[in-house]
There are 2 protein chains.
Amino acid sequence: MMQLDDLDRAILRLLKKDARLTISEIAEELGRPESTIHFRIKKLIERGVIDHYTILLGPELRPKKTALVILQVETPIIEDFLERYVNHIMRTLSMLPNVLFVAKSGKDTVIALLGDETEEKLNAFIEENIKTLPTLKSVNVYPLDDVKKGEELVGFLVEV
Amino acid sequence: MMQLDDLDRAILRLLKKDARLTISEIAEELGRPESTIHFRIKKLIERGVIDHYTILLGPELRPKKTALVILQVETPIIEDFLERYVNHIMRTLSMLPNVLFVAKSGKDTVIALLGDETEEKLNAFIEENIKTLPTLKSVNVYPLDDVKKGEELVGFLVEV
DNA sequence: TATGAAAGACATCATGT
DNA sequence: ACATGATGTCTTTCATA
């Protein structure tokens, strides 16, 4: 798993901005022959440095309101149950299209990123689908009001 | 800004999985003529439904450890300063390559997603670059231990 | 690994149903 | 919305260094 050199990184940066650039365009931009660019990209894909090519969906399809939710699960008397509780909650959340991201933090905390059309719908969703989950100790909701970095993330995660 | 029909959505789903599919491959997969697929994709791009084409970076380039950090900013005596404090913190964080995502929640809370090579480096980064920020009321760190949905997000956000 | 050249595949566009 | 064909461009491969 050798390192990336400057040419590799330059190619990756260009493709990240626009993966539809043709090999000839990249070649011209970087002042290298097409065959070299072709070879490098082939290697980057083989090595898994490029996982895959994808599209980013635009604002039209992105939820207008997003919120981060942090769930703390009640510790049961029988300790072994905790992991099952948490996994069950994560599985349940993962299946909902409004839920863009789900992760566990520590043993008893679940973090989810939610998105919906409007603030009202989002709040309703939280009331009906999140706060009704059994065995919760606490639910903290953080609406994302102003995203400064990584905003496009939602266009990447949203399902179509 | 008309609606998407089933064909549009099918195309988007295929491109999301692999944006290097040729028009002929998509046409065959969906049992439609190439000219139709070509036309639809053109329209999807024109409308901005497809924001742009991009690549997802593989595990080699992704930070191994990620954590969500929730910062609460101390409310100053002069209320107007709060927004400046918060904006300043967001700007500062945004410039760091370890910081993958930054958003504001409410008036006094900043949410950031951090990533680094190892747990130690990540913790050091938090101690040195986060907890040292002025005017913080609280800092909560949630290491993301097990991501159930949206894991690829990091490969999308990471810089190269 | 890098390059140049050549062959084949592809997107694109125009025209017509 | 679909079919077809003409055009120029791009990718891919291979031989060579």
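Residues numbered from 1 in each chain as written. Chains lettered and ligands numbered in written order. Predicted model: local features only at pLDDT ≥ 70, side-chain atom pairs only at ≥ 80, totals over all residues. Heavy atoms only, no water.

Where an unreviewed UniProt entry is consulted, chain A appears under the name Transcriptional regulator, with the organism given as Thermococcus guaymasensis DSM 11113.

Before going further, it helps to examine a nonpolar patch on the surface. All names here are of chain B. A surface patch of nonpolar side chains, about 430 Å² in accessible area, is lined by Ile77, Ile78, Phe81 and Tyr85. Relative to the helices and strands, Tyr85 resides in helix H4 (residues 80-94). Tyr85 sits in the partly exposed class, given a relative accessible area of 30%. (Patch = residues over 30% accessible without salt bridge, like charges linked within 9 Å, V, L, I, M, F, W, Y side chains within 5 Å. Areas by Shrake-Rupley, 256 points an atom, 1.4 Å probe, with all protein chains shown as cover. Salt bridge = Lys/Arg side-chain N within 4 Å of Asp/Glu carboxyl O. Helix = DSSP H or I, 4+ residues; strand = E, 2+ residues; numbered from the N terminus. Buried < 20%, exposed > 50% of the residue type's maximum accessible area, 1.4 Å probe, protein only.)

This part covers empty space enclosed by the protein. Enumeration according to the criterion identifies one cavity of 30 Å³ or more in this entry. Here the largest cavity is characterised by a volume of approximately 160 Å³. Contributing elements (two or more residues each) for the lining of the largest cavity: strand E2 (65-73), strand E4 (109-116) and helix H6 (153-157) of chain A together with strand E4 (109-116) of chain B. (1 Å grid on protein atoms, 1.4 Å probe; cavity = no way out; pocket = protein on both sides within 12 Å on 5 of 7 lines; lining within 4 Å. Points joined across faces, edges and corners; volume = space filled by probe spheres on them.)

Close to DNA strand C lie A:Arg32, A:Pro33, A:Ser35, A:Thr36, A:Phe39, A:Arg40, B:Thr22, B:Ile23, B:Ser24 and B:His38. For DNA strand C, the fraction of protein-proximal atoms (within 4 Å) that sit in sugar or phosphate groups is 71%. Here a phosphate oxygen of DNA strand C sits 2.4 Å away from a polar atom, N or O, in the side chain of A:Thr36. Between a phosphate oxygen of DNA strand C and a side-chain N or O atom of A:Arg40, the distance comes to 2.5 Å. (Near = heavy atom within 4 Å. Polar contact = N/O pair within 3.5 Å; in protein donor to acceptor, adjacent residues only side chain to side chain.)

Attention now goes to the domain arrangement of chain A. Per the domain assignment, the segments of chain A are domain 1 (6-46) and domain 2 (59-157). With centres defined by C-alpha atoms, the gap from domain 1 of chain A to domain 2 of chain A works out at 38 Å. (Domains from an automatic or database assignment.)

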